[in-house]
Each structure stands twice: as C-alpha cells, then as structure tokens.
Amino acid sequence: MARDEKLVSSVVEAIGNTPLVELARLTRNLGGRLLAKLEYLNPGFSKKDRIARQIIEDAEADGTLQPGQTVVELTSGNTGTGLAIVCGVKGYPFVAVMSRGNSPERARMMSALGAEVVLVDQLPGSKPGQVSGGDLELVEQEAQRIVKEQGAFRADQFHHHGNFNAHHLHTGPEILRQAGTTIDAFCDFVGTGGTFAGCAAALKEANPATRCYVVEPKGAAILAGEPVTNPNHRIQGGGYSMCDLTFVKPEYVDGYLQVGDQEAVEVARKLAREEGIFSGFSSGANVAAALQLLQEPFKARAVVTILNDSGLKYLSTDLFQ
Ligand SMILES: Cc1ncc(COP(=O)(O)O)c(C=O)c1O
C-alpha cells in the first residue's frame, strides 16, 4: 500500500513505505543504476522508526512488554526518536540513554516527543560528534542500570529480533517491489547491522545472486578484519568497532567496503546539491560505497542502498557549512 492511499489511525502507521529513488544525476558518467531508499522520510526522519515499531509490536504480541511499562533504550538518537514516537502514541513512558557525543538536535527532538533523555559523558579524550565503541559501552552500562532500577522493558536494538524483522519483513520486500529491475548488489553502513542483515536476507531470498556488502568507516573496519586505527570517525550511527553483531551472519555478507569521513561528507553534500536529497553522514557513506561498486565490479549494473536519516539532524555540525 502506498503511503498516501488511505487514512491511517496514527503516525505509527505512517512508518515505512518510503520511496525508492534513482540517483541518475550522480551516476551520469558511470552507466550503472544507483537506487536509494529514502528512509529520512519516516515520521522521525530516520530508518530507525521501523525497528522502534517492530520491537514494540513484537514485544506486545509475545507479552514481554506490559501495558504502561517503561521502555528504555541506548540510542545514537535515531532509534530513540522512533521509540519516542511509538511509545508516545501507544502510552509507554520512554527513557532514551545517549552519549553526549551525538548531535544535540537528537536529544532535543526526543524530549519534544515526550522522552526522558539521559546523556552520558564520553570517555576522556573522545570528541563530540565522534562516538566510539568505548563511549557506547558507558551508555550501555547506564541503560542497564536504569532498566534494573525501573523494572523497565529494554528495547535492545543490538539483540531484539524486531530489529531484523523490521527490515526483513518490510524494507527489503518494499525495495523488491519498487526496483522494477534485477538488483545486482546492495550495501549498507552497519551499526547494529539490523538493516543490512534484514534487507540482505530478503534480497537473497528473492534472488540468491544479489551480492550484499557491509559498509564500514575507513580505519574502523573491524568486520572486514582490519585493525582499528580510527575509532573516533565522524559517521554517526555505526562503525562502533564491535565484531560480534547478532544479526550480521556470514551467509548475508559477500564483501566489505570502506569509506573515509571526508568522502562521506563530500558525497552527502553532492546528494543535497545534485539530487535534492538532504541526508546525513552515513547516507553519504552508503552512496559513496555504492559508487565504488558501480565503478567495479558492478559496472553498468544496479546497486541499491539506504539513505538513513535527515540532514536536519546535523545542522549543528559542519556537514552543511
Ligand atoms: C544515521 C544512522 N545510520 C546508520 C545506522 C546503522 O543502522 P543499523 O543499526 O541498522 O545497522 C544508524 C543506526 O542507528 C543510524 O542512526
């Protein structure tokens, strides 16, 4: 069902069914096709609205979330915004636990949506805008403390199967319905890996020849088996240098791509200027990686990627200065 075809009873039902757009201006000298899923058009301006809805609805269905129970989650801002929306509509108090290193727009938006936001200091030496795996470990400890203290439901995006389900049942099948062409390759920048794994599973079920690539920051490509020399990269939402991600199973991964901070920034700016697409650092990384694939080994073929969140979430950074 297209998003504009019927009245919906709440904004939760307006999550998903985002457009798939051909980036024909960026590929004009390449020959291949680059298709991008505009996830920043979700109600919370990111793809993470999808997992917020799926985790909460799966937990309602299996009884692990009780009516009125508090929900807690560690977030880089986007999952928290999705949960603030879903919990607000459904009547669950929500506590978002986030590193002070993530952009302040995110905390403000979650508060506006009714969430209680707990900010956790970064490790000594970490810089704002550069949240490392070590910083995230501190956020995890605080989230666990609050869950215990409040007897809360932990949304647990790194492990709850709703994360994978959201993309396996929805994002991936939407791409398949929308593409109108054989999809030769798919790539996605990995945080929890839920989007990568869920979409890869759906795409490979439809066509086992579709090749799926994990995107990581240059200098923090731990899944590719590279040494981590730059844990404090600028691509917010992933690249946490965690090697055991629940959802990223070997059967989904055909290869690994790396994108540097500056390349992600330049491509995000190009997306805005040439395609009219206002998205963030990780979307720039995804498109940069897809362009690598279209140069080689997918010359003149079709590559799909995800535009994860809105550029509005980065106005306090130098992304668009
Ligand atoms: C902006 C952004 N990009 C990419 C990701 C990574 O997505 P996933 O957790 O599905 O791997 C996230 C996750 O929070 C994100 O917020």
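Values in this document were obtained by computation on a predicted structure and should not be read as measured data. The written sequence of each chain sets the order in which its residues are numbered from 1. Confidence filtering applies because this is a predicted model: local features only for residues at pLDDT of at least 70, side-chain atom pairs given and counted only at 80 or more, and all residues used for totals across whole chains, interfaces and linings. As a rule here, side-chain values cover all heavy atoms of the structure and leave hydrogens and water aside.

> Can you explain the packing of helix α1 (residues 48–62) against helix α2 (residues 78–90)? Please cite residues and give values.
Fitting a line to C-alpha atoms yields each axis, with helices limited to the stretch in contact; the angle taken between N-to-C directions then spans 0 to 180 degrees. A run of H or I in DSSP counts as a helix once it spans at least four residues, and a run of E counts as a strand once it spans at least two, with each numbered from the N terminus. Put simply, α1 and α2 touch, their axes get as near as 7 Å, and they point 45° apart. As judged from the angle between their axes, α1 and α2 are oblique. In terms of crossing hand, the pair formed by α1 and α2 is right-handed. Between α1, through Lys48, Asp49, Ile51, Ala52, Arg53, Ile56, Glu57 and Glu60, and α2, the contact on the second element is made entirely by Asn78, Thr79, Gly82, Leu83, Ile85, Val86, Cys87 and Lys90. In terms of residue class, the contact of α1 with α2 is made up of seven nonpolar, three polar and six charged. Each angle gets one of four labels, with under 35 degrees taken as roughly parallel, over 145 as roughly antiparallel, 65 to 115 as roughly perpendicular, and the rest as oblique. What makes a crossing left-handed is the near helix being turned counterclockwise from the far one by less than a right angle; a clockwise turn instead makes it right-handed. When checking whether two residues touch, look at their non-hydrogen atoms; a contact exists if any pair is within 4.5 Å. Put simply, Ala, Val, Leu, Ile, Met, Phe, Trp, Tyr, Cys and Pro go in the nonpolar bin, Asp, Glu, Lys and Arg in the charged bin, and everything else, Gly too, in the polar bin.

> How would you explain the sheet that holds strand β8 (residues 211–217) if you had to name every residue and give the values?
When DSSP locates at least two bridges between a pair of strands, those strands are taken to pair. A sheet is described by the order of its strands in space; here six strands give the open sequence β1-β2-β10-β7-β8-β9, paired in mixed fashion. The open sheet terminates on both sides in strands that have one partner only, identified here as β1 (20–22) and β9 (255–259). In this sheet, adjacent strand axes meet at a mean angle of 30° when their direction is disregarded. Bridging between strand β7 (residues 185–189) and strand β10 (residues 302–307) involves three bridges; their strand directions are parallel. When the sheet's bridge partners are listed, Ala185 is paired in β10 with Val303. Across the sheet, helix α5 (residues 161–179) lies against β1, β2 (33–38) and β10, angled at about 135° from β2, the strand it touches most.

> Describe the packing of helix α7 (residues 261–275) against helix α8 (residues 281–295), and please don't skip the residues or the numbers.
Put simply, α7 and α8 touch, their axes get as near as 7 Å, and they point 95° apart. Put simply, α7 runs roughly perpendicular to α8. Within the contact between the two elements, α7 uses Glu263, Ala264, Val265, Val267, Ala268 and Leu271 and α8 uses Phe281, Ser283, Gly284, Ala285, Val287, Ala288 and Gln292. Each residue belonging to the contact of α7 with α8 can be placed in one class, and the counts come to nine nonpolar, three polar and one charged.

> Residues and numbers for the side chain of Thr75, please.
Mapped onto the fold, Thr75 is located in the loop between β3 (71–74) and α2. A distance of 2.7 Å separates the side chain of Thr75 from the backbone nitrogen of Gly77, its partner in a polar contact. If we skip the residues at most four places from it in the chain, Thr75 touches Gly80, Ala96, Val97, Met98, Ser99, Asn102, Met110 and Gln157. Residues adjacent in sequence count toward polar contacts only when both atoms are side-chain atoms; beyond that, a polar contact is any pair of N or O atoms within 3.5 Å, and within protein one must be able to donate a hydrogen and the other to accept it.

> Tell me what's going on with the site of the ligand, and back it up with residues and numbers.
Around the ligand, the surrounding shell holds 17 residues, and the nearest of these are Lys48, Gly191, Thr192, Thr195 and Ser282. A distance of 2.8 Å separates an oxygen atom of the ligand from a polar backbone atom of Gly193. Each accessible area value is a Shrake-Rupley result obtained with a 1.4 Å probe; residue values ignore everything except the protein chains displayed when judging cover. The fraction of the free accessible surface of the ligand (390 Å²) that becomes covered by protein chains is 98%. Residue composition of the shell around the ligand, grouped by class: three nonpolar, eleven polar and three charged. It suffices for a single heavy atom of a residue to lie within 4 Å of a molecule or strand for the residue to be listed as near it.

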